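A structural walkthrough
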Amino acid sequence: GLETLQLRMHAHCANAIVLAQWLEQHAAVERVYYPGLESHPQHRLAKQQQTGFGGIVSFELKGGKEAAWNLIDRQGLMSITANLGDTKTTITHPATTTHGRLSEEEKARSGITPGLVRISAGLENVEDLIAALDRGLG
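Below is a summary of the structure that appears in this document. Per chain, residues are indexed from 1 in the order of the written sequence. Per-residue local features are limited, in this predicted model, to residues with pLDDT of at least 70; the limit for side-chain atom pairs, both in listing and counting, is 80 or more; totals at the level of whole chains, interfaces and linings are taken over all residues. Water and hydrogen atoms were dropped before computing side-chain values, which therefore reflect all heavy atoms in the structure.

Turning our attention to the side chain of Asn15. Helix and strand assignments follow DSSP, with helices taken as H or I runs no shorter than four residues and strands as E runs no shorter than two, numbered in order from the N terminus. With respect to the element layout, Asn15 can be found in helix α1 (residues 5–25). Owing to a relative accessible area of 9%, Asn15 belongs among the buried residues under this scheme. Beyond its immediate sequence surroundings of up to four residues, Asn15 is in contact with Ala121, Gly122, Leu123, Glu124, Val126 and Leu129. Type-normalised accessible area, obtained with a 1.4 Å probe on protein chains alone, sets the label of each residue: buried when under 20%, exposed when over 50%, and partly exposed for intermediate values. Contacts were defined at the residue level, with two residues in contact if any of their heavy atoms lie within 4.5 Å.

Here's what the structure looks like:
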């Protein structure tokens, strides 16, 4: 409810930035999309406009769809669903779920590649989330 929204948003944002920073350093990751990272093209604008950077982290894996599906299948902690903003961390493959009905051209124009994975950070201990990602990327 609204009574805990501020606390939950703080936890979503805190977990997301740690995950984004960890993913940015991982050898299996091509690129991370998260406005809280200085590498994000709109980081300065996001920093001016908001106090947190949200709970959604998207990233491209080297190895395309096979690498993305392996991560999702092996990680073992995050819910495999397209829900966003839940208390439990979720993970999804947009090219075959949320954007699955788009043509390949429409996906490409929208930046939805075969190796793209999207996480909606929940409230779990961030070290547990990192361990799950590490297991999935290993």
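Take α1 next. Residues spaced three or four apart along an α-helix face the same direction, because each turn holds 3.6 residues. What a helix is expected to span follows from its residue count: subtract one and scale by 1.5 Å. End to end, α1 covers 31 Å across 21 residues, agreeing with the expected 30 Å (1.5 Å per residue, within 8%). Along α1, the positions that sit buried rather than exposed are His12, Cys13, Asn15, Ala16, Ile17, Leu19, Ala20 and Leu23. Among the structural elements, β1 (29–33), β2 (56–61), β5 (116–120) and α5 (126–137) are those in contact with the buried residues of α1.

The subject of this paragraph is the pairing of β5. Here β5 lies mainly inside the structure; five of its five residues are buried. On β5, burial covers both faces: Leu116, Arg118 and Ser120 on one face and Val117 and Ile119 on the other are all buried. By definition, two strands form a pair when at least two bridges between them are found by DSSP. Here β2 runs beside β5; their pairing, made up of five bridges, is antiparallel. Bridge assignment links Val57 to a residue of β5, and that residue is Ile119. Two strands pair when backbone bridges link them, and strand β4 (residues 90–92) and β5 are joined in this way by three bridges, in the antiparallel orientation. Of the residues in β5, the one forming a bridge with Ile91 is Ile119.

Here we take up the sheet that holds β1. Taken together, the five strands give an open sheet; going across it, the order is β1-β2-β5-β4-β3, and neighbouring strands pair in mixed fashion. The sheet terminates laterally at β1 and β3 (79–80), the two strands that pair on one side only. The axes used here are C-alpha line fits, helices contributing only the stretch in contact, and every angle between their N-to-C directions lies in the interval 0 to 180 degrees. Contacting β2, β3, β4 and β5, helix α3 (residues 64–74) crosses the sheet at an angle of about 130° to β2.

Here we come to the pattern of salt bridges. For this document, the term salt bridge refers to a Lys or Arg side-chain nitrogen within 4 Å of an Asp or Glu carboxyl oxygen. Scanning the model with the defined rule gives one salt bridge in all. The partner of Lys107 in a salt bridge is Glu104, and the shortest N-O contact between them spans 3.4 Å. In this pair, Lys107 and Glu104 both sit in helix α4 (residues 104–110), three residues apart, roughly one turn of the helix. The exposure class assigned to Lys107 is buried, which follows from its relative accessible area of 8%.

By themselves, these are just geometric observations and shouldn't be taken as functional.
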